[in-house]
Each structure stands twice: as C-alpha cells, then as structure tokens.
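Geometric and topological summary
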Number of protein chains: 2
Amino acid sequence: MSRDNFVRLIFERLAAVTESEFDRGVALQDKGDGVFAASLDAGWVVGGGVNGGYLLAVIGNAVRAALSGSGLDKLDHQGQLDDRGQVDHRDPLSVSAYYLSATRPGPAVVRTRVLRRGRSTSTVAATLSQLHDGVEVDRISTLATYADLNRSSDDVRTTLVEPVLAPLEHCIPTAEAPADFKKIAPLLDRFATRLDPGSIGWAVGKPSGNGLIQGWFRLADGRPLDSLALLMVVDALPPVTFDLGMPGWAPTLELTVHVRAKPAPGWAKVKHYTRNMAGGYFEEDCEVWDSSGRLVAQSRQLAAQPRS
Amino acid sequence: MSRDNFVRLIFERLAAVTESEFDRGVALQDKGDGVFAASLDAGWVVGGGVNGGYLLAVIGNAVRAALSGSGLDKLDHQGQLDDRGQVDHRDPLSVSAYYLSATRPGPAVVRTRVLRRGRSTSTVAATLSQLHDGVEVDRISTLATYADLNRSSDDVRTTLVEPVLAPLEHCIPTAEAPADFKKIAPLLDRFATRLDPGSIGWAVGKPSGNGLIQGWFRLADGRPLDSLALLMVVDALPPVTFDLGMPGWAPTLELTVHVRAKPAPGWAKVKHYTRNMAGGYFEEDCEVWDSSGRLVAQSRQLAAQPRS
C-alpha cells in the first residue's frame, strides 16, 4: 500500500468511528453519473415505513454531493469550504419532496440531475428508488435549490414569534416511551426529543384539540444539527393529528422545507401545527428555532387525514 | 361534411368565442408523448417577465392533459396492487415549482412525465422550456400531485380565520392604475383585483410595514375561478415586500400551492403575508378564500429580497 493510500485508509477508518448515527444513516456510495447508493437503516423506521424526514436528508446529501463537483465529502458537517477552495452550494435552501410509495429499510438508489448551476443558487432534481419484486420503483421525487448559507446576509426581520416551551426538565422525553411502543417506532431512539407537556395529552387519551405539537429537539448522540439535518428535523415529531385525537397513520403527499440559516449548536425548538384540516387532507406547518432564537427552518407538508 | 362533424364544428367555434382570456392563455397543442406546445401571451407580463402564477397554470393545464383518460399503475400509495378501472385526476392538489430562468412571452414547450398513477392521486413531473439563441432552456421545473376534488370529503375543520376586508366599493381597483404603470404590468388588465385600502399605502409612498397585502379577486372577463385558475391566483397580487417599503423585483425561487377545494363562483378573498424576511430571502404565504368562506388554496413561496 502506498503512503498516500495508507494515510487515506486511516482517515477513512477514523471518520467511520467518529461518525454519528445520522451521518452513517445518510452516507452514500458514489456510483458516478450523479447516481448514489444508500443503505436505509431500520433504526429510522416508524410504523412500518422509513421516516420521511430521514429520507429527505439522504436525498439532500446526494444533492449536496452532486453539486460538489467531485463526489462526496465525508467529514465536513458544518458546510465549510473544502480544501479545493471552491465555492460550493452545500446548503439546502428549498427542497420539495413528493412521496410516491412507502420506502422500506435496505438498499436504495438516489439519481440526481443538475438542472441549473448559478452564482448564488443551483437547482437539482433527485429521485430515490428501490427494487420491489425485481423492478425499480420510485419512492420519492424531489426538486431542490441549494446555496451557500455562509454567504447569506445577516439582516433578520422575523416577525413570527419563538415558541414558548416548558423548561427542558418539565418536558417529556419520547425516548423513554414503553418498549412496545418503541418497537414500532425505533426512530425514537435516534432523537432526544422532549415534548412540551401541553402538547402530549394525546399519549394518555387527552389530546388538546389545538392541532399543535411542540418540544425541544436534539439528536440522541449529540451530533450538532446543521443545514442537512434540518431536512430531517422538520419531520421528526409525531404527526400533529395525534393532538386532534386522530392516532392513525397520516401519509405525507408533499413536503417542502425552506432552510433559512445554519442552526447554532444546542437544543432546538420544534413546533408543528395545522390550521386547515379539510376535505380529507391537512397541512402541517413546522418551524425550527435554534438555541440563539433564530428561525432556521420552515416547512409545510400536505398529508392525508388518518382514517381511524 | 357529415352531420356529426357539422355539430362538432359549431360547438368548437362556439367554445372559441366564449373562451376567456385565461383559457386562451393556458391553451396547449398536444404534440404527443406527453409534450405540449404553449404560446405565452404578452398580456400576462409583469415587469419584463411572464407572471409566475400564469405559467404555473399553463404547466398545470399540461399536467391535467397528461393525466386525462389514464389507467392506473399497479402500485398505489401504500404499495398495494390496485386493479380498478380508469381514473381522471383533473384537479391540482399540490404543485411545487422551481423557477430556473426568466420566461419570455412567445412559444414554449411543456414536457410531462407521469411518475405514478394511483387510485386517489397521481403525480407528474413537468418542465416548461423555451428556445434561447437556438438552445432549449428550462424555465420552470415542477412536481405535481393531482386528484379529483369532486370526490374529496366535505368534512371541514379549518381554524385559520377568513380575512376581513373593506367592502368592495371601498377597495382600490388595480386595473385603474395609470397607463405608464400598466405599460410595465399589462397583467393588471387581466384581473379585477380590488386591494384593501389598509394594504396599498405603498402605492403612495406609505407602506404599512406589516408585510400584508390583501384584496378581492376575480378575473376581469368574469370567467369563474376553478382549481386550475387557483394556481394563477396565488401569485396574482403585488409582492408583499411592497408593503415593507421594498418596491423592487422579488424573484421567486420556489412556489408550492395546495389546492384544497374547488372554489365557489364569485369574488374570492386573497391574502399575502410574510413573517420571515431574513438572510436575503423571504417566504410569502398566500391564502385564497372563496365566496362561501372556504379556504380553497394555500401557497408559500421563497423569494429573494429586493435589492433596492
């Protein structure tokens, strides 16, 4: 083995040891021509399917790689310029996902196509597919516009109001849910979510009826949130329909997320709410506020009303 | 000419006479294989480019045509076999558009690709392109999920509150703007918009600073709104940044609209607002309420803050 290859091997192994669950979960193998292979971990399953936010982060990682010009970047979570000195569009600014069929744990492929490379933003189409009975079936189709959020202006005039949550120690850690519940939602072990007591009455048969679920959020292994992880955070809480007394599955048809800033380290506040349950569908809005009190992500999804 | 053909001719000519500006504007020529030719009318221009909402309706019309008379794919949303008969998903339920470059009046082509045909919804990818210096350039890339809104449940539990507007006769008809203004915004003649006096101070140098523009809306020629026209309505008012004292152009990067019901005939109420102007971008939310007081469309777009 050459000296260069030996050094590379050490760095790769080192990265594998220090990588977080999230980083391992979104890791990709570059197959060339904008195609990336993923291995979807069963640890991100909830209710029989793979969590939509985690899948969005997998696709988002492929889009980042497609725009980087020379394959994958393994270590740099913070979106810093890489050592080639290029200005890459590493940060999702807007991602829209259309969910076509339920994704299963196991192998998947993400096919990307760069639609436009611009000075301040670039846009990519990306589709996640899986083999089903020997046939490749599309699971999620997306469009995404990326930018370099390090270069964005620091002029902030947000008029939305930061959520008021009970102190961390008064909130409910969802990872402490009973084992029989976590068996159908192993996803909960990935998160250190602490739900506000005012929005978890549904867990004991007393939904508030407000259509609001909010709480504190960080990853269980302490891996700091970044622009890529925010794609997952906006779909990490229980569906807001739980708080309306509808405990069933609420399949997402479409989800668009706008990442508005890189999050500061520490606990984020996440707020989910709906204000238009009608005609068999509902919109679910999500806001993610970082520890500095900045609104770092806004998302809206359209989902089907649970049948139960 | 046979009797059948003669009858058909009369109906076709009759339709041509009664067609509205909007219907002529979104008319398509079917080129086969999911490709449709459009002729983008200069009457829908605002500020040098073609209005993004009108373009969304042109694309939406192509998606509708691509799905008409279609069969079902074998897999439905839950990954189950579905062997029922034909479905006609004529109504946009969710459409996400990524704006890649400025569209000019004149010929354009919309290429559609059906991603999934399901029992209750179908999803299509569609891109609008134009020739530029002899090369086909993508203008807008979209994903869209369609349904049959006639079949949707009539259970409505909307908690958003219908906008309170001044009576029609106290509102400002934008089509009465001075000729020099309408010269750069011929679009205004298509609309019978009447803006609420509380949100048009910007026109006389007194923006409210609230980031809110709302008013009454219908098409100037009286053509009733339908699910397709709602794609245009959500981008028909002036940018909400006008009300923040920023009169410049605010280019849209992404716009997603959820059509939640077919609108009742008559004047609609349209409300635009932003609550997160930050980092050089802002989100613009739009609500469209029909004359029966139902929230029929919700949209959010991400746009770049005007530089002026």
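Below is a short write-up of the structure. (Residues numbered from 1 in each chain as written. Chains lettered and ligands numbered in written order. Predicted model: local features only at pLDDT ≥ 70, side-chain atom pairs only at ≥ 80, totals over all residues. Heavy atoms only, no water.)

Once that is clear, we can look at the pairing of strand S17 (residues 295-304) of chain A. Residues and elements named next belong to chain A. In terms of burial, S17 is largely enclosed, as ten of its ten residues are buried. The pairing of strand S16 (residues 281-289) with S17 spans nine bridges and is classified as antiparallel. Looking at the pairing, Glu287 lines up with Gln298 of S17. Hairpin geometry of S16 and S17 is characterised by an intervening segment of five residues between the two adjacent antiparallel strands and by a positive phi of about 85° at Gly293. (Buried < 20%, exposed > 50% of the residue type's maximum accessible area, 1.4 Å probe, protein only. Helix = DSSP H or I, 4+ residues; strand = E, 2+ residues; numbered from the N terminus. Pairing = 2+ DSSP bridges.)

For the rest of this paragraph, the subject is helix H3 (residues 52-68) of chain A. Residue and element names in this part refer to chain A. Helix length check: H3 (17 residues) gives 24 Å between terminal C-alpha atoms against 24 Å at 1.5 Å per residue, within 8%. Most of H3 sits inside the fold, with 17 of its 17 residues counted as buried. One side-chain oxygen at the N-terminal end of H3 lies 3.1 Å from the backbone nitrogen of Gly53; it belongs to Asn51. (Expected span 1.5 Å × (residues − 1). Polar contact = N/O pair within 3.5 Å; in protein donor to acceptor, adjacent residues only side chain to side chain.)

Right, let's get into the pattern of salt bridges. Within the structure shown, the criterion is met by 24 salt bridges over all chains. For Lys262 of chain A, the salt bridge is made with Asp91 of chain A, and the minimal N-O distance between the two is 4.0 Å. Here Lys262 of chain A is found in the loop between strand S13 (252-259) and strand S14 (268-273), whereas its partner Asp91 of chain A is found in strand S5 (residues 91-99), with 171 residues between them in sequence. Judged by relative accessible area, which is 24%, Lys262 of chain A ranks as partly exposed. Using a relative accessible area of 1% as the deciding quantity, one classes Asp91 of chain A as buried. Among the charged side chains, a network of salt bridges with common partners joins Arg275, Asp285 and Arg300 of chain A together with Arg275, Asp285 and Arg300 of chain B. (Salt bridge = Lys/Arg side-chain N within 4 Å of Asp/Glu carboxyl O.)

This part takes up the pairing of strand S13 (residues 252-259) of chain B. Residues and elements named next belong to chain B. In terms of burial, S13 is a largely internal element, seven of the eight residues being buried. Bridge analysis of strand S5 (residues 91-99) against S13 gives five bridges, and the strand direction is antiparallel. Residue Tyr98 lies in a different strand from S13, and its bridge partner there is Glu254. Pairing between S13 and strand S17 (residues 295-304): seven bridges, direction antiparallel. Bridge assignment links Val257 to a residue of S17, and that residue is Ser299.

The interface is formed by 57 residues belonging to chain A together with 51 residues belonging to chain B. Taking both sides of the interface into account, the surface hidden between chain A and chain B amounts to around 4,700 Å²; carbon and sulfur atoms contribute 52%. Together, Tyr98, Arg260 and Arg275 of chain A form the three largest contributors to the area buried by chain A at its contact with chain B, with a combined 15%. In this assembly, chain A and chain B are joined by two salt bridges. In this structure, Asp285 of chain B and Arg300 of chain A form a salt bridge, with 3.7 Å as the shortest nitrogen-oxygen distance. Where chain A touches chain B, the interface holds 35 residue pairs in polar contact (both at pLDDT 80 or more). (Contact = heavy atoms within 4.5 Å. Buried area = accessible area lost by both parts, 1.4 Å probe.)

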